[in-house]
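Given next are the chains, with one letter for each unit.
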Amino acid sequence: MPNILLIDDSGVIRSSLKSILERNGFTAFEATSLNDLKYNSFSKTVKLSEINLILLDYYLENETGLEIIKYIKLKNYAIPIVMITGEAKRDIVINSIKQGATDYILKPFDDETLIKKVNSNIRVLSFFMTKDDYRLELDNFKSNLILEIERSIRAKNILSVSKIILPGDEIVIKDLIKRVIRDIDQVYLIDKNIAAVIFPFTDDAGFNIIKDKIKNIIGLRMKDSNLPTKHTVFKGNEKTINDVESKEKYYKDIFSELGIIEYVKN
């Protein structure tokens, strides 16, 4: 069963949340402060590194939840953190996510809302990418890019290709990006927090429109208004049918322009 750590200075709230979680098959532990994490006083058998999710109240007796988040990140623990606050204030949510919270939940909430949040964020943890996952994504990106280059040449169309630096939570952000791009567009996680995206029939102006949509949907997770990207347009409409034979060269040129490095196969 997943281990969930409840951090709240109210014993009544901790007891209530623990009861809900345990009825739904989770193992819950209780903490009241940063010191409980530092000294592992929340459990004699489970270490902080074995926690699968933290439910964290924003206001604690001697600190705020932001200090807890900073400590988790300092220790390099890949633990999803859901910030709980009764303050429906945008700045609290923004600061929490910028510091590293995975999600948030506003008080008051019912049992169903809590369990949905818990399940969705534990699922994020189980989907962390491995090196092999990145290699597969890069191989798929390369293969489909070559196909799109050929289509672009044959149909006399343009093709945009972009590299986007993601502000953390790459699996979640990839899903958010997919919500605002078209069905014909393709997004791949080719390295840690790096996405490569193929936009058929898209010029510079079209890409800027899509980029603004992406910035809007992931805005809370960005530390500032900047979304680092590299972007290039392949002009298939300026090629001839004979240029299809050069599609391998063209994909390498795009990789070079975007600063994408292929894996060397052993």
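Residues numbered from 1 in each chain as written. Predicted model: local features only at pLDDT ≥ 70, side-chain atom pairs only at ≥ 80, totals over all residues. Heavy atoms only, no water.

(A) Local environment of the packing of helix α7 (residues 170-180) against helix α8 (residues 204-217). α8 packs onto α7 with a crossing angle of 130° between their chain directions and a minimal axis gap of 9 Å. On the basis of the axis angle, α7 is oblique to α8. Our pair here, α7 against α8, has a crossing hand that is right-handed. Touching L176, I177, R179 and V180 of α7 are K213, I214 and I217, all from α8. Tallied by class, the residues present in the contact of α7 with α8 amount to five nonpolar, no polar and two charged. (Axes fitted to C-alpha atoms, helices over the stretch in contact; angles between N-to-C directions. Helix = DSSP H or I, 4+ residues; strand = E, 2+ residues; numbered from the N terminus. Parallel < 35°, antiparallel > 145°, perpendicular 65-115°, else oblique. Left-handed = near helix turned anticlockwise from the far one by under 90°. Contact = heavy atoms within 4.5 Å. Nonpolar A, V, L, I, M, F, W, Y, C, P; charged D, E, K, R; others polar.)

(B) Highlighting the environment of D243. Structurally, D243 is set in the loop between β9 (229-235) and α9 (247-258). The residues touching D243, leaving out its near neighbours within four places in the chain, are I153 and Y250. A distance of 2.7 Å separates a polar atom in the side chain of D243 from the backbone nitrogen of T240. (Polar contact = N/O pair within 3.5 Å; in protein donor to acceptor, adjacent residues only side chain to side chain.)

(C) Looking closely at the nonpolar core. Among the nonpolar cores identified, the biggest contains 24 residues, and L5, I7, L37, L48, I51, I54 and L56 are the most heavily contacted of them. Elements supplying a minimum of two residues to this core: β1 (3-7), β2 (27-31), α2 (34-38), β3 (53-57), α3 (65-74) and β4 (81-85). Apart from residues lying up to four places away in sequence, L48 is in contact with L5, L37, N40, F42, Y71, I72, Y77 and I79. Counting 21 residues, the second-largest nonpolar core is a separate cluster that includes I146, Y188, A196 and F234. (Core = buried A, V, L, I, M, F, W, Y, C linked by side-chain atoms within 4.5 Å. Buried < 20%, exposed > 50% of the residue type's maximum accessible area, 1.4 Å probe, protein only.)

(D) Examining the sheet that holds β4 more closely. Here we have five strands laid out as an open sheet, ordered β2-β1-β3-β4-β5, and parallel in their pairing. Two strands close off the open sheet at either side, each with one partner strand: β2 and β5 (103-106). When the angles between neighbouring strand axes are averaged without regard to direction, this sheet yields 20°. With five bridges joining them, β1 and β2 adopt parallel strand pairing. Each residue of the ladder has a partner; that of L6, found in β2, is E30. Taken strand by strand, helix α1 (residues 11-23) contacts β1, β2, β3 and β4, and its axis lies near 165° from that of β2. (Pairing = 2+ DSSP bridges.)

(E) Highlighting α1. Compared with an ideal rise of 1.5 Å per residue, which puts 13 residues at 18 Å, α1 spans 18 Å between its outermost C-alpha atoms and is within 8% of the ideal. Residues R14, L17, I20 and L21 constitute the buried set of α1. Each buried residue of α1 lies within a common arc of 130° when the element is viewed along its axis, so the set occupies one face. Projecting away from the buried face of α1 at angles above 90 degrees are the exposed residues V12 and R23. At the exit of α1 stands G25, carrying a positive phi of roughly 90°. (Expected span 1.5 Å × (residues − 1). Arc of directions from axis to C-beta.)

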